[in-house]
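This is what each chain is made of:
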Amino acid sequence: MAFTDIEVVKGYIRMCNDGWLQGWHERNGGNLTYRLRPEEVEQCRPYLNTLPGGWVKMGVQADNLRGEYFLATGSGKYFRNVTEAPQDNICLLEINDAGDSWRIVWGLEKGGRPTSEFPSHFLNHSVRKAATEGACRVIYHAHPANIIAMTYVLPLTSRDFTRALWQSATECPVVFPGGVGVVPWMVPGGADIAMATSELMKEFDAAVWAHHGLFCSGPDFDITFGLMHTIEKAAEIYVKAMSMGQGIKQTISDDNLRAIAKDFGVTLREEFLD
Ligand code: 2HA
Ligand code: ZN
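In this report, the structure presented in the accompanying data block is examined. (Residues numbered from 1 in each chain as written. Chains lettered and ligands numbered in written order. Predicted model: local features only at pLDDT ≥ 70, side-chain atom pairs only at ≥ 80, totals over all residues. Heavy atoms only, no water.)

Here we come to the overall build of the chain. If you tally the helices and strands in the chain, you get 10 helices and nine strands. Radius of gyration (C-alpha) of the chain: 19 Å, near the 19 Å computed for a compact globule of 274 residues. Its C-alpha atoms put the chain at 65 × 35 × 35 Å along the principal axes. With 274 residues in all, the chain has 52% of them scored as buried. By sequence separation, contacts in the chain at least 24 residues apart represent 71% of the contacts at least 6 residues apart. Accessible area for the chain stands at about 12300 Å²; split by element, carbon and sulfur atoms hold 51% of it. Across the chain, 25 positive and 33 negative side-chain charges occur, with their mean positions spaced 2 Å apart. (Helix = DSSP H or I, 4+ residues; strand = E, 2+ residues; numbered from the N terminus. Rg over C-alpha atoms; globule rule 2.2 N^0.38 Å. Buried < 20%, exposed > 50% of the residue type's maximum accessible area, 1.4 Å probe, protein only. Contact = heavy atoms within 4.5 Å. Areas by Shrake-Rupley, 256 points an atom, 1.4 Å probe, with all protein chains shown as cover. Lys, Arg positive; Asp, Glu negative; His and termini not counted. Charge placed at Lys NZ, Arg CZ, Asp CG, Glu CD.)

Along strand 5 (residues 101-107), six of the seven residues are buried, which leaves the element largely enclosed by surrounding structure. Examined bridge by bridge, strand 2 (residues 56-57) and strand 5 share two bridges and lie antiparallel to one another. Paired with Lys-57 across the strands is Ser-101, a residue of strand 5. In this structure, strand 4 (residues 90-95) lies alongside strand 5, joined through five bridges in antiparallel fashion. Looking at the pairing, Leu-92 lines up with Trp-106 of strand 5. (Pairing = 2+ DSSP bridges.)

Per the counting criterion, the structure on display carries 12 aromatic pairs. Seen from their ring centres, Phe-70 and Phe-118 are 5.9 Å apart, and the 80 degrees between their planes marks the pair as edge-to-face. In this pair, Phe-70 sits in strand 3 (residues 69-73) while Phe-118 sits in helix 4 (residues 118-131), placing the two residues 48 residues apart along the sequence. Neither Phe-70 nor Phe-118 differs from the other in exposure class; each is buried. One aromatic cluster in this structure is built from Tyr-12, Tyr-34 and Phe-221. It is Arg-269 that lies over the ring of Phe-272; its NZ or CZ is 5.5 Å from the centre. (Phe/Tyr/Trp six-rings, centres within 6.5 Å; stacked < 30°, edge-to-face > 60°. Lys NZ or Arg CZ within 6 Å of the ring centre and 35° of its normal.)

One pass over the structure, following the stated rule, counts one cavity of 30 Å³ or more. In this structure, the largest cavity occupies an estimated 30 Å³ of space. In terms of lining residues, the largest cavity is bounded by Val-183, Pro-184, Trp-185, Met-186, Ile-193, Trp-209, Ala-210 and His-212. Its residues placed into classes, the lining of the largest cavity shows seven nonpolar, one polar and no charged. (1 Å grid on protein atoms, 1.4 Å probe; cavity = no way out; pocket = protein on both sides within 12 Å on 5 of 7 lines; lining within 4 Å. Points joined across faces, edges and corners; volume = space filled by probe spheres on them. Nonpolar A, V, L, I, M, F, W, Y, C, P; charged D, E, K, R; others polar.)

Moving on, we get to the site of ligand 1. Taken together, the neighbourhood of ligand 1 is formed by Asn-28, Gly-29, Gly-30, Asn-31, Glu-117, His-141, His-143 and His-212. One of the backbone nitrogen or oxygen atoms of Asn-28 is found 3.2 Å away from an oxygen atom of ligand 1. At a separation of 2.9 Å, an oxygen atom of ligand 1 approaches a polar side-chain atom of His-143. In the complex, 87% of the free accessible area of ligand 1, which totals 220 Å², lies under the protein chains. (Near = heavy atom within 4 Å. Polar contact = N/O pair within 3.5 Å; in protein donor to acceptor, adjacent residues only side chain to side chain.)

This paragraph deals with the coordination of the zinc ion (ligand 2). Donor atoms from the polypeptide that bind the zinc ion (ligand 2) are His-141 (NE2), His-143 (NE2) and His-212 (NE2), placed at 2.0 to 2.1 Å. Ordering the donors of the zinc ion (ligand 2) by residue number gives the pattern H-x1-H-x68-H. The residues His-141 and His-143 share a single accessibility class, namely buried. (Donors = N, O, S within 2.8 Å, 3.2 Å for Na, K, Ca; no water.)

This is the structure we're talking about:
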C-alpha cells in the first residue's frame, strides 16, 4: 500500500490522464484540485511527510476552507507525466487555520509549488462549497481548443455562450441548466482573475476564460470531467457547424429547450431564454 493506492488519489490521477488523452493539456496547460473528505485525509495521514514544507501565503483567504486538505497539480508540471510519476507532479496541500496559506504535506518530491492558478482554485472552492452546501469538491481548469476558439467569434457574455452551447447538443441544457459564466481576458495566475472567476462561480458551475480555457466544478471526478467534456463537445459541434460555411440554418428553439427542461426536471436559467 502507498499514497498513490488510496482510492481518491487513484481517481485524481486517472482524471489527469483522461484530460491529457483528450488533448486539453498541452505542455503545462491546465490544473486540477480536489478537496478531501475527512476520512480521506485520515487514509492519507500515514504517508505524509514527517517534516512538512513551510507555510506559503496565497494572497487570497477563505474562512470556509480553514484546515482543509487539497490534492493539486504542480506549477509548471505536465498532465502528461502525472501517471508516470505522481510523486513529482502532484501534491497534497494543507491549509492553515487562518485560511490564507498552504503547505505541502506530500508530493512534488523534486521540488516545486502547487499550480500557479491555486488562488483561483481556492476561491472557487470557497464559493462552490458555500453554494452547494459542501458538496462541491473538484475544480478543474483545462485548455480545450473549441471552447477557446468560440471566444474569438461570440460576444463575451454568459448569455451568448450559454445559448450557443445549449443549442449545440440536446443534452447540454440537462447537463448545465444553469449555463456557463464568461470571464473577459485577464492576466492568468493572480488574485484579480481569481476574484473575477469566483464571483461568477457563485452562480455558475463552469466559467469560460476568454482566449484561455475553461473552469469546471463538481462534487466528484466523473461529474466534473463530464461537465468539461460535454461543454467542449458542444463547442466542437458549434465550431464544425459554423465551419461548413452556410451559417446556422436551424437549431434547437427556446421552446424546444423549455420542453427538454420540463421532461428532464431541470430548471433553465430563464433570463437566458427569449
Ligand atoms: O497551469 O493553465 O492557466 C498552466 C495554466 C495557467
Ligand atoms: Zn490555463
